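Below are the chains, spelled out letter by letter.
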Amino acid sequence: MRKLIYGMNLSLDGYIAAPGDDIGWGVPSDEWFQFWSDQLLATDLTLYGRKLWQGMSSHWPTGDQQPDATPAHIEFARRWRDMSKVVFSSTIDKVDWNTRLVTGDAVTEITRLKAEDGGPMDIGGATLAGAAMRAGLIDEYVLVTAPVLVGGGTPFFTAVDNWVNLNLVETRTFPGGVILTRYETRR
């Protein structure tokens, strides 16, 4: 059975994007960026909601060809392009870059994917992750919290039907006061 990991950058007040989908507050340091690149390398399959997919696919397919691309950005872009991805959406009809589109019930498909043999899966996008959270499918939460208050926007956590008890398994500090906390779901 695969592990399902939900991890994103978030503000101290719990948002992954400020109003207007503004993520300008979350510009990572080299160390912070390397953490996410290493996470990507350790991931067998990434699951995206439509909005996050559109953001990622607008930059990373050619991220290694940008004039200001650092070696870390080049490495991340190549990893991202090559890895297997699944996008859940009922409003788009085409995906590229080693990606499969699912238009049906996300929870059913995520449950099926979790039951397969294979390495860890990451899930990204607040709406998609929220559905997986409510269904009890998330095994690990990775929060990279920036020291900024944005006052509203897209929350990292969605409403859940029942308490979710967690065990803290890692903390780390990045430059600029950014804090990583990683929790496993206690079952």
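Now for a look at the structure at hand. Keep in mind it's a predicted model, so treat the numbers as computed, not measured.

**Re the overall build of the protein chain**
A count of helical and extended segments in the protein chain gives five helices and ten strands. Its C-alpha atoms give the protein chain a radius of gyration of 16 Å, within 12% of the compact-globule value 16 Å for 187 residues. Residues counted as buried form 44% of the 187 residues belonging to the protein chain. Look at the contacts in the protein chain between residues 6 or more apart in sequence, and 68% of them connect residues 24 or more apart. Total accessible area on the protein chain stands at roughly 9,600 Å², and carbon and sulfur atoms take up 53% of it. Averaged over its 17 positive side-chain charges, the protein chain has a centre that lies 4 Å from the centre of its 23 negative ones.

**Section: the pattern of salt bridges**
Opposite charge on two side chains allows them to pair when their charged atoms are near. Across all of its chains, the model carries 18 salt bridges by this definition. Among the salt bridges present, the one from Glu109 reaches Arg100, with a minimum N-O distance of 2.8 Å. Assessed through its relative accessible area of 12%, Glu109 is described here as buried. Here the residues in one salt-bridge network are Arg2, Asp44, Arg100, Glu109, Arg112 and Glu116, joined through shared partners.

**A few points about helix H2 (residues 50–59)**
Those residues of H2 lying buried are Trp53, Met56 and Ser57. In a view along the axis of H2, the buried residues occupy a sector of 95°, so they form one face of it.

**Structural notes on the nonpolar core**
In summary, soluble globular proteins display a tendency toward joint burial of nonpolar side chains. Leu4, Tyr6, Leu47, Ile110 and Ile123 are the most contacted members of the largest nonpolar core, which totals 25 residues. For this core, the secondary structure elements donating two or more residues are strand E1 (4–11), strand E3 (45–49), strand E4 (84–88), helix H4 (106–115), strand E6 (121–124), helix H5 (126–134) and strand E7 (140–146). Per-element accounting of this core gives the leading share, five residues, to H5. Ranked by size, the runner-up nonpolar core spans 13 residues in total, among them Trp53, Met56, Trp60 and Met83.

**What about the packing of aromatic side chains?**
Per the stated rule, a full pass over the model turns up 13 aromatic pairs. Ring centres of Trp80 and Trp97 lie 6.3 Å apart, and the angle between their planes is 45°; this geometry places the pair in the tilted category. Of this pair, Trp80 sits in helix H3 (residues 71–82) while Trp97 is found in the loop between E4 and strand E5 (99–102), placing the two residues 17 residues apart along the sequence. Under the relative-accessibility criterion, Trp80 is labelled buried at 0%. The class of Trp97 is partly exposed, set by a relative accessible area of 33%. Clustering of aromatic rings is evident, with ring pairs tying together Tyr6, Tyr141, Phe156 and Phe157. A cation sits over an aromatic face here: Lys85 above Trp80, 4.4 Å from the ring centre.

**Some words on H5**
Buried within H5 we find Ala126, Leu128, Ala129, Gly130, Ala132 and Met133. Gly136 sits one or two positions beyond H5 and adopts a positive phi of about 75°.

**Side note on the pairing of E3**
With five of five residues buried, E3 is to be regarded as a mostly interior element. Sheet topology note: the E3/E6 ladder contains four bridges and is parallel. By the bridge assignment for E6, Tyr48 is matched with Gly124.

**Some points on the environment of Arg2**
Within the fold, Arg2 resides in the segment before E1. For the pair Arg2 and Asp117, spaced 115 residues apart in sequence, the C-alpha to C-alpha distance is 6.2 Å. In this structure, Arg2 is in contact with Asp44, Leu45, Leu113, Lys114, Glu116, Asp117, Gly118, Gly119, Met121 and Asp139, ignoring residues within four places of it in sequence. Within polar-contact distance, the side chain of Arg2 engages the side chain of Asp44 at 2.9 Å.

Criteria and cut-off values
- Along each chain, the written sequence defines residue order, and numbers are assigned to residues from 1.
- Whole-chain, interface and lining totals are the exception, using all residues; otherwise, since this is a predicted model, local features are given only for residues with pLDDT of at least 70 and side-chain atom pairs are given and counted only at 80 or more.
- Only heavy atoms go into the side-chain values, all of them from the structure, while hydrogens and water stay out.
- Helix and strand assignments come from DSSP, with helices taken as H or I runs of at least 4 residues and strands as E runs of at least 2, each series counted from the N terminus.
- Radius of gyration: C-alpha atoms only; globule rule: 2.2 Å multiplied by the number of residues to the exponent 0.38.
- Here's how the labels work: a residue is buried when its accessible area is under 20% of the maximum for its type, exposed when over 50%, partly exposed in between, all with a 1.4 Å probe on protein chains only.
- Contacts were defined at the residue level, with two residues in contact if any of their heavy atoms lie within 4.5 Å.
- Values of accessible area rely on a 1.4 Å probe in the Shrake-Rupley scheme; residue burial ignores everything except the protein chains shown.
- The charged-residue count follows a simple rule in which Lys and Arg add positive charge and Asp and Glu add negative charge, with His and chain termini not counted at all.
- Every charge is mapped onto a representative atom, which is NZ of Lys, CZ of Arg, CG of Asp or CD of Glu.
- What makes a salt bridge here is a side-chain nitrogen of Lys or Arg within 4 Å of a carboxyl oxygen of Asp or Glu, nothing more.
- In this context, the arc is that of the directions from the helix axis out to the C-beta atoms.
- Here, nonpolar core means buried Ala, Val, Leu, Ile, Met, Phe, Trp, Tyr and Cys residues that are tied together by side-chain atoms lying within 4.5 Å of each other.
- Each Phe, Tyr or Trp ring, with Trp reduced to its six-membered ring, pairs with another whose centre is within 6.5 Å; inter-plane angles below 30 degrees give stacked pairs, above 60 give edge-to-face pairs, and intermediate values give tilted ones.
- The criterion for a charge sitting over a ring is simple: Lys NZ or Arg CZ within 6 Å of the ring centre, and within 35 degrees of the ring normal.
- At least two DSSP bridges between two strands are required for those strands to pair.
- N or O atoms closer than or at 3.5 Å make up a polar contact, with two conditions inside protein: a donor-capable atom paired with an acceptor-capable one, and, for residues adjacent in sequence, both atoms drawn from side chains.

Honestly, it's all geometry; don't read function into it.
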